[in-house]
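Residue strings, one per chain:
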Amino acid sequence: MATAMEPRPLADLEVDSVLAVEAAWAHRSRGLKPWTVGEFLDRVAAVHARYELRREWLRRHPQGVGE
């Protein structure tokens, strides 16, 4: 379990982002212009791509920023 001093694992943040996309999907489904399945899948794929880029950056910079 992460504390205030300990950052959350990247995988947990990725799951949170996917859950936010699912919440947006549910919200949009009640609106005038709901997302298509393709739009939903594109947004989920974008989340995974963003976190994969972050993982790659962290592999190349193991010490992190400002150290």
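In this report, we go over the structure that sits alongside the text.

Right, let's talk about the nonpolar core for a bit. If you look at the biggest cluster of nonpolar residues, it comprises seven residues: Val18, Val21, Trp35, Phe40, Val44, Val47 and Tyr51. Broken down by element, the residue count for this core peaks at four residues, all from helix H2 (residues 37–60). Among residues more than four places away in sequence, those in contact with Val18 are Val47 and His48.

Overall, the coordinates contain six salt bridges when judged by the stated rule. Across the salt bridge formed by Asp16 and Arg8, the nearest N and O atoms sit 2.7 Å from each other. We classify Arg8 as partly exposed; its relative accessible area is 42%. For Arg59, the salt bridge identified is with Glu52, shortest N-O distance 3.2 Å. Put simply, Glu14, Glu52, Arg55, Glu56, Arg59 and Arg60 are held in one network by salt bridges that share partners.

Okay, the packing of aromatic side chains next. Under the definition given, this model contains one aromatic pair. A ring pair is formed by Trp25 and Phe40, whose centres lie 4.6 Å apart and whose planes are at 55°; its orientation type is tilted. Linking Trp25 in helix H1 (residues 10–29) with Phe40 in helix H2, this pair joins segments that are 15 residues apart in sequence. Looking at Trp25, the relative accessible area reads 29%, which means it is partly exposed.

When two helices pack together, you describe them by how their axes are tilted relative to each other and by the distance separating the axes. Orientation of H1 relative to H2, taken along the N-to-C sense of each, is 160°, at an axis distance of 10 Å. In this view, H1 runs roughly antiparallel relative to H2, as classed from their interaxial angle. Taken as a pair, H1 and H2 cross one another with a handedness that is right-handed. The residues of H2 that touch H1, namely those facing Leu10, Ala11, Leu13, Glu14, Ser17, Val18, Val21, Glu22 and Trp25, are Val37, Phe40, Arg43, Val44, Val47, His48, Arg50, Tyr51, Arg54, Arg55 and Leu58. The residue makeup of the contact of H1 with H2, split by class, is twelve nonpolar, two polar and six charged.

So, how was this worked out
Residues numbered from 1 in each chain as written. Predicted model: local features only at pLDDT ≥ 70, side-chain atom pairs only at ≥ 80, totals over all residues. Heavy atoms only, no water. Core = buried A, V, L, I, M, F, W, Y, C linked by side-chain atoms within 4.5 Å. Buried < 20%, exposed > 50% of the residue type's maximum accessible area, 1.4 Å probe, protein only. Helix = DSSP H or I, 4+ residues; strand = E, 2+ residues; numbered from the N terminus. Contact = heavy atoms within 4.5 Å. Salt bridge = Lys/Arg side-chain N within 4 Å of Asp/Glu carboxyl O. Phe/Tyr/Trp six-rings, centres within 6.5 Å; stacked < 30°, edge-to-face > 60°. Axes fitted to C-alpha atoms, helices over the stretch in contact; angles between N-to-C directions. Parallel < 35°, antiparallel > 145°, perpendicular 65-115°, else oblique. Left-handed = near helix turned anticlockwise from the far one by under 90°. Nonpolar A, V, L, I, M, F, W, Y, C, P; charged D, E, K, R; others polar.

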